[in-house]
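The lines below spell out each chain.
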Amino acid sequence: MIRCVMLDLDGTLLRKQGQKTAGISEENELALQRWQDAGGLAGIATSRSAGYIQNYSLRRWAAVVGWNGAVIEVGNSRRLHLLPKQDESQLWKISGGDQRENRVAMVTPDNDWLVYDEQLPLVREYCANPRGWIQDHRRVRLWDPQRPDAKLAMILAVYPDALAAQAVRLRVLAVNRGLNVIETSARTLMMVSAGVDKARGILEACGELGLRREEVAVIGDDRNDLPCFQTFPYSFCMAGAEREIRKQARWTVESAAEALAVIRMENQRRL
């Protein structure tokens, strides 16, 4: 029996009128409400911050796994997997943060995005936010390694193309075994502590909720969801995902609502 569904955000739950991160469609909203009214549990598993969903929904979630498992929130409890202490300035350079064409942010447990050089154009854009985008960070500030609370939860990096992203990924892994470098898209990397990924974050949340992996369904659409598809027997991939990603999931669906309909049928079949 499937008791809980864990949903990715961008391109999965947040998909409206064919656009990623455009909001929660009425179809998905109603399907979630029916699922929860019937006693089902619903949670979020995302590469964004744990609080990002609050920009779109104040629904009560059983668990929220943020930053691909670096932060796990269940009820009032919050578990963090921080990056190991190291020379952040060196890591900044290795990840390409000192190059104008890259977009690299170091993120604290308090969800501040930290930067080294405020003169970089993309850094200034973070600060000013002229387009009024909903962003994960509370604020952007210059990095001060002498600050006693200077702890990092993860590093988010966006590169001009996939080749540049892969080159950085290999370089980081070669010099730092304390990190896991997760591809969240072809040109986007998230650097978290070794042993951290979205699937393990969901498993940790399941442990606190008293759920077995056979009682959890996962829904996603991108490369960081692959560990989830390989870990949980009930896995759903959005139809708009890359073909190689879709092949790893048990079902391919057009919406989160369709996945929930399949889950209800699976549960009825097992009664």
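What counts, and where the lines are drawn
- Residues numbered from 1 in each chain as written.
- Predicted model: local features only at pLDDT ≥ 70, side-chain atom pairs only at ≥ 80, totals over all residues.
- Heavy atoms only, no water.
- Pairing = 2+ DSSP bridges.
- Helix = DSSP H or I, 4+ residues; strand = E, 2+ residues; numbered from the N terminus.
- Axes fitted to C-alpha atoms, helices over the stretch in contact; angles between N-to-C directions.
- Contact = heavy atoms within 4.5 Å.
- Salt bridge = Lys/Arg side-chain N within 4 Å of Asp/Glu carboxyl O.
- Buried < 20%, exposed > 50% of the residue type's maximum accessible area, 1.4 Å probe, protein only.
- Parallel < 35°, antiparallel > 145°, perpendicular 65-115°, else oblique.
- Left-handed = near helix turned anticlockwise from the far one by under 90°.

Draft legend 1. Summary view of the sheet that holds strand 15 (residues 234-238). The strand order across the open sheet built from 8 strands is 7-6-5-4-1-14-15-16, with neighbouring strands paired in mixed fashion. Edge positions in the open sheet fall to strand 7 (77-80) and strand 16 (251-253), since each of these has one partner strand only. With strand direction ignored, the average angle separating the axes of adjacent strands in the sheet is 20°. Relative to strand 5 (residues 64-66), strand 4 (residues 41-45) is paired through 2 bridges, and the arrangement is parallel. By the bridge assignment, A45 is partnered in strand 5 with V65. Its contacts with the sheet place helix 1 (residues 26-37) against strand 1 (4-7) and strand 4, and it is angled at close to 130° to strand 4. Its contacts with the sheet place helix 5 (residues 198-209) against strand 1, strand 4, strand 5, strand 6 (71-74), strand 7 and strand 14 (216-220), and it is angled at close to 25° to strand 6.

Draft legend 2. Layout of the pattern of salt bridges. Evaluation of the coordinates by the stated rule reveals 20 salt bridges. E29 serves as the salt-bridge partner of R59, at 2.2 Å between the closest nitrogen and oxygen. Linking R59 in the loop between strand 4 and strand 5 with E29 in helix 1, this pair joins segments that are 30 residues apart in sequence. Using a relative accessible area of 13% as the deciding quantity, one classes R59 as buried. The class for E29 is partly exposed, based on a relative accessible area of 27%. The salt bridge involving K85 is made with E88; its shortest N-O contact spans 3.5 Å. E88 sits in the buried class, given a relative accessible area of 8%.

Draft legend 3. Focus on the sheet that holds strand 13 (residues 188-193). On the basis of which strands lie adjacent, the open sheet formed by 6 strands has the order 10-9-8-11-13-12 and mixed pairing. Each end of this open sheet is capped by a strand with a single partner; those strands are strand 10 (140-142) and strand 12 (179-185). Geometrically, the sheet is characterised by an average inter-axis angle of 30° between neighbouring strands, direction not taken into account. Each of strand 12 and strand 13 touches helix 4 (residues 162-175); the most contacted strand, strand 12, lies at about 165° to it.

Draft legend 4. Structural context of the pairing of strand 4. Counting buried residues in strand 4 gives 4 out of 5 residues, a clear majority hidden from the surface. Relative to strand 4, strand 1 runs parallel, the two being bridged by 4 bridges. Bridge pairing links C4 to L41 in strand 4.

Draft legend 5. Layout of the packing of helix 1 against helix 8 (residues 256-270). With their axes 8 Å apart at the nearest point, helix 1 and helix 8 run at an angle of 30° to one another. Compared by their axis directions, helix 1 and helix 8 come out roughly parallel. For the pair helix 1 and helix 8, the crossing hand works out as left-handed. Of helix 8, the residues touching helix 1 (which contributes E27, N28, A31, L32, R34 and W35) are A256, A257, L260, I263, R264 and N267.

Draft legend 6. How the structure looks around unusual backbone geometry. Phi at W67 takes a positive value of approximately 50°, unusual for a residue other than glycine. Note on placement: W67 falls in the loop between strand 5 and strand 6. Of the residues examined, W67 reaches a relative accessible area of 3% and is grouped as buried. Located in the positive-phi region is N111, a residue other than glycine, with phi close to 75°. Considering the arrangement of structural elements, one finds N111 in the loop between strand 8 (103-107) and strand 9 (113-115). The exposure class assigned to N111 is buried, which follows from its relative accessible area of 13%.

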